[in-house]
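So you can see what is in the structure, the chains are spelled out below.
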Amino acid sequence: MINNISFLIDLQEAYLEEGKWSIDNISITDQPIHNLDRVDFKSITERAADKPGWFRNFKLSIPAPSNYETETSLLYFQNGVYFKREGIDMLLSDNEQSSSDWAGRISDCFSEGNYQDGVDLIYDAFDISNENELLLSIVVKKTNIIGDLFDENNLESGGSSPQFWTSKKTLNQWIDKNNAESIINSQFNSTITPYHCFLDDCGIIESEYLGFISVQSLLNNSAVHSPTDCQANYRNEHEVLTEIFDETDFNPPTISPLVFDNPILREIYRPIFIPEAISCLATSHSIDGNHFEAETKTDRHHAASQLNLGDLGTDTMEENNFPELYELLEEVLHPDGPSSLTHWHRSVATHCSSFTEIPKKHREINHYYGFLREENAKKELDQLQNTIEEAFELTRTVATSLSEASQSLTSDLQKIIITLLAAIVTNFVLILRYSDLSILAPFSISAIAGILIFYFPVIQNEIEETQAVMENRTGDFIVYLSEIRSHVGTRVFDLDKIEDQHEIHLRTAYKSLENAKHTTSKIYHIMVFIWAIIIFYSLIVITEWNPAGLTAFLGSLDIQTTSIENVGAIKLTLISSAIPSLWLLYKLRNHFKISEADFWPRSLGASPSADDTEITFPEIRKESVKPDEVNIDLFEDITPRHYFEYCPILLVFLLTFISLAGIIALYYII
């Protein structure tokens, strides 16, 4: 493979200044062929014929005699190299030699693929002609060459963008002929590294970010930094840069200057390294073509620079000072501990009036930055004692609030359970065994319906208020603790202890609330079930439906199913009971419609007990958060949220049965 692309070195030596050396192509237009040795031209011609995918143009022509005439082609490119007979006729037009004889021999050579002899004949014909020069035009597609190199040798690009350069001279020539802004946009305006590969490795040093390796070492697998490694390092450096500047209002540089990690890179990419380095230490900066401006202002100091990146004199920044500048940038972008760009900017503005002075004053800048950090740390420590006390006070307040809310709810539920169950069970026994059903049935159904319609929503509202208290107090805790953590982190004390203590209190309140929700749901269903039993017994009475087995069972309990007086009152009770049951069905339907809860999964899936559910504690971030950024739902995916959701299909069945009983009673009245 190396031999196949060695012709590019010949092109470089012959047309380094005249050619156009870009990232993707090498373009040489109408240049004298005498700059190339005959042997070199033979090699180029053979390669254009063998590898047409590497070329977009290949032409050897006779110059036009005047500005009003066109040149005449000898060789042209059309997915290969072809000979044109008219060129020889033009070349030997003033010679006694037979142009047709020469054309025939040259044509035969090219037709048979004998390009070397064909080129020799063209040179011989040129030597005996009266022409002074032949012109060469050629376009080489470097992207196709590097693509074939990777494909044929099973090399992995690793997400990088491999670039092929004949030597650092051609890279230098491309940089010199383009402005800094366009170079940044074409080379570094993404997270994909331009992985530089050189045919001539003279004067290059491998980079862990940009490659800068020889093709030979790439093919021999002897490169220290593979394309995959360089891409990973380059992307990581980009993420570090983004993370540092995301926490500020400063405009970040397009590329981290740390990717220029050796002297050769900083020398070649000098027009890029200097503005990107300054951009890390300036509060504002802009680039337009080769014009770069940067500025930093503080209350008492001002640093500013305006640079022509196309003409960087030695007085701008001496290259022998680049190591000091690079070392300073490592401390800015890869700090050992917390870093503040504001402090770096202030330090630079204090010691430099121009950013070009930074390398010479890097020690003073670094020392003053350390002083600013210490002063800031002292201020933080002065505020820390009050902050700690406030944090513990907040924890105690949250704990007290959660404890009071859960205890109040638990106490209310205990009273409800004891009172309601005692009343309902006692009343039901009296109805079935000793009392007059026509009197007690209306009273019992009215009591149950009233409790279900009016009292249970109050209980549910109290549960939701307790839930809101838990979430609001947790939100307050997160906002405050994240504010503390953003300032002091874990440098002074372990904030996780406070967070763990809060979780203990929150878990206790959470379990109490879950028990309340499950208990409320169960009592609600029991009361509806008792209501349905009373309705069922009343239906038996008014319809005088006495199956032998049921009659015998009720008789064994001394419960009469016939000879009950005032059946009309019972019928009216059944009809009246359909109204609250229909209302509850309506409320159940509205609940599932508004809350967007799933009816069938709630009906068919077993509802987890309070012991099975786990609270999902929200993450407390390291950076400070605003109250409107806190979105807490401690009860997401926890069922039941409402007593309607405990087993809705059972409720629908029982309430529908009660409503149908009213219709049946109406039929018996009519």
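Residues numbered from 1 in each chain as written. Predicted model: local features only at pLDDT ≥ 70, side-chain atom pairs only at ≥ 80, totals over all residues. Heavy atoms only, no water.

## Regarding the overall build of the chain
The criterion, for reference: The way it works is that DSSP assigns letters per residue, a run of H or I at least four long becomes a helix, a run of E at least two long becomes a strand, and they are numbered from the N terminus. Here's how the labels work: a residue is buried when its accessible area is under 20% of the maximum for its type, exposed when over 50%, partly exposed in between, all with a 1.4 Å probe on protein chains only. Any two residues having at least one pair of non-hydrogen atoms within 4.5 Å are treated as being in contact. Here the accessible surface of atoms and residues is derived via Shrake-Rupley with a 1.4 Å probe, and residues count as covered only by protein chains that are part of the display.
A tally of helices and strands in the chain yields 22 helices and twelve strands. Burial statistics for the chain: of 670 residues in total, 47% are counted as buried. Look at the contacts in the chain between residues 6 or more apart in sequence, and 71% of them connect residues 24 or more apart. When the accessible surface of the chain is split by element, carbon and sulfur atoms take 49% of a total near 33,200 Å².

## With respect to the pattern of salt bridges
Under the convention used in this document: Take a side-chain nitrogen of Lys or Arg and a carboxyl oxygen of Asp or Glu: if they are within 4 Å of each other, that pair is a salt bridge.
Per the counting criterion, the structure on display carries nine salt bridges. Across the salt bridge formed by Arg38 and Asp120, the nearest N and O atoms sit 3.3 Å from each other. In this pair, Arg38 is assigned in helix H3 (residues 38-50) and Asp120 in helix H6 (residues 115-128), connecting sequence segments 82 residues apart. The exposure class of Arg38 is partly exposed, given its relative accessible area of 27%. Note on Asp120: relative accessible area 19%, which makes it buried. Overlapping salt bridges, with partners in common, bring together Arg38, Lys42, Asp120, Asp124 and Asp127 in one network.

## Digging into the side chain of Gln460
Along the chain, the position of Gln460 falls in helix H17 (residues 437-488). For Gln460, a relative accessible area of 5% corresponds to the buried category. Excluding residues within four positions of it along the chain, Gln460 makes contact with Arg641, His642 and Tyr643.

## A look at empty space enclosed by the protein
To be explicit about the condition: Residues are called lining when one of their atoms sits within 4 Å of a cavity or pocket point, these points coming from a 1 Å grid over the protein atoms alone, where a cavity is a set in which a 1.4 Å probe fits but cannot get out and a pocket is an open set with protein on both sides within 12 Å along at least five of seven lines. Grid points are joined across faces, edges and corners, and a volume is the space filled by probe spheres set on the points. In the scheme used here, Gly and all other residues not listed as nonpolar or charged are polar, with Ala, Val, Leu, Ile, Met, Phe, Trp, Tyr, Cys and Pro taken as nonpolar and Asp, Glu, Lys and Arg as charged.
Under the defined criterion, the tally for this structure stands at four cavities of 30 Å³ or more. Quantified by volume, the second largest cavity comes out at close to 40 Å³. If you trace the second largest cavity, you find it lined by Phe188, Ser190, Tyr234, Glu237, His238, Thr254, Ile255, Ser256 and Val259. Classifying every residue of the lining of the second largest cavity gives four nonpolar, four polar and one charged.

## So, a nonpolar patch on the surface
Put simply, the rule reads: Each patch groups residues whose relative accessible area exceeds 30% and which form no salt bridge, using 9 Å between like charges and 5 Å between nonpolar side chains of Val, Leu, Ile, Met, Phe, Trp and Tyr.
Residues Ile649, Leu650 and Phe653 make up a contiguous nonpolar surface patch of about 270 Å² in total accessible area. Here Ile649 shows up in helix H22 (residues 648-669).

## Details of the sheet that holds strand E11 (residues 291-297)
For clarity, the cut-off: Each pair of strands is called paired provided DSSP finds at least two bridges between the two strands. Only the stretch in contact is used when a helix axis is fitted, and all axes are lines through C-alpha atoms; the angle between N-to-C directions ranges over 0 to 180 degrees.
Strand order in the open sheet formed by three strands is E10-E11-E12, with antiparallel pairing between adjacent strands. The open sheet has two edge strands, strand E10 (284-288) and strand E12 (302-308), and neither has a second partner. If you compare each strand with its neighbour and ignore which way they point, the axes differ by 5 degrees on average. Pairing between E11 and E12: seven bridges, direction antiparallel.

## Quick look at the side chain of His525
Looking at the element boundaries, His525 is found in helix H18 (residues 496-543). Residues within four places of His525 in sequence aside, it is in contact with Tyr643, Tyr646, Cys647, Leu650 and Leu651.

## Considering the packing of helix H5 (residues 99-111) against H6
Stated formally: Each angle is binned into one of four classes, with values under 35 degrees roughly parallel, values over 145 roughly antiparallel, values of 65 to 115 roughly perpendicular, and all other values oblique. For any helix crossing, the convention is left-handed if the near helix is rotated counterclockwise from the far helix by under a right angle, and right-handed if that rotation is clockwise.
For the pair H5 and H6, interaxial distance at closest approach is 7 Å and the crossing angle is 155 degrees. Here H6 runs roughly antiparallel to H5, going by the angle between their axes. Here H5 and H6 pass one another in a crossing that is left-handed. Within the contact between the two elements, H5 uses Trp102, Arg105, Ile106, Cys109 and Phe110 and H6 uses Tyr115, Asp117, Gly118, Val119, Leu121, Ile122, Asp124, Ala125 and Ile128. Partitioning the contact of H5 with H6 into residue classes produces ten nonpolar, one polar and three charged.

## Quick look at the packing of aromatic side chains
For clarity, the threshold we go by: Stacked, edge-to-face and tilted labels apply to pairs of Phe, Tyr and Trp rings (six-membered ring for Trp) whose centres lie within 6.5 Å, assigned for plane angles under 30 degrees, over 60, and everything in between, in that order. Whether a charge sits over a ring depends on NZ of Lys or CZ of Arg being within 6 Å of the ring centre and within 35 degrees of the ring normal.
Tallying each qualifying case throughout the model produces 23 aromatic pairs. Ring pairs connect the aromatic residues Phe188, Phe260, Tyr269, Phe273 and Phe322, which therefore count as one cluster. The ring of Trp102 carries the charged tip of Arg105 above its face, separated from the ring centre by 4.6 Å.

## Some thoughts on a negative patch on the surface
Heads up, the rule is: Note on charges: Lys and Arg go in the positive column, Asp and Glu in the negative column, and His and the chain ends are not counted at all. A single reference atom marks each charge: NZ on Lys, CZ on Arg, CG on Asp, CD on Glu.
On the surface, Glu239, Glu243, Asp246 and Glu247 cluster together into a patch of negative charge. Within the fold, Asp246 resides in helix H11 (residues 227-246). Overall, Asp246 belongs to the exposed group, its relative accessible area being 60%.

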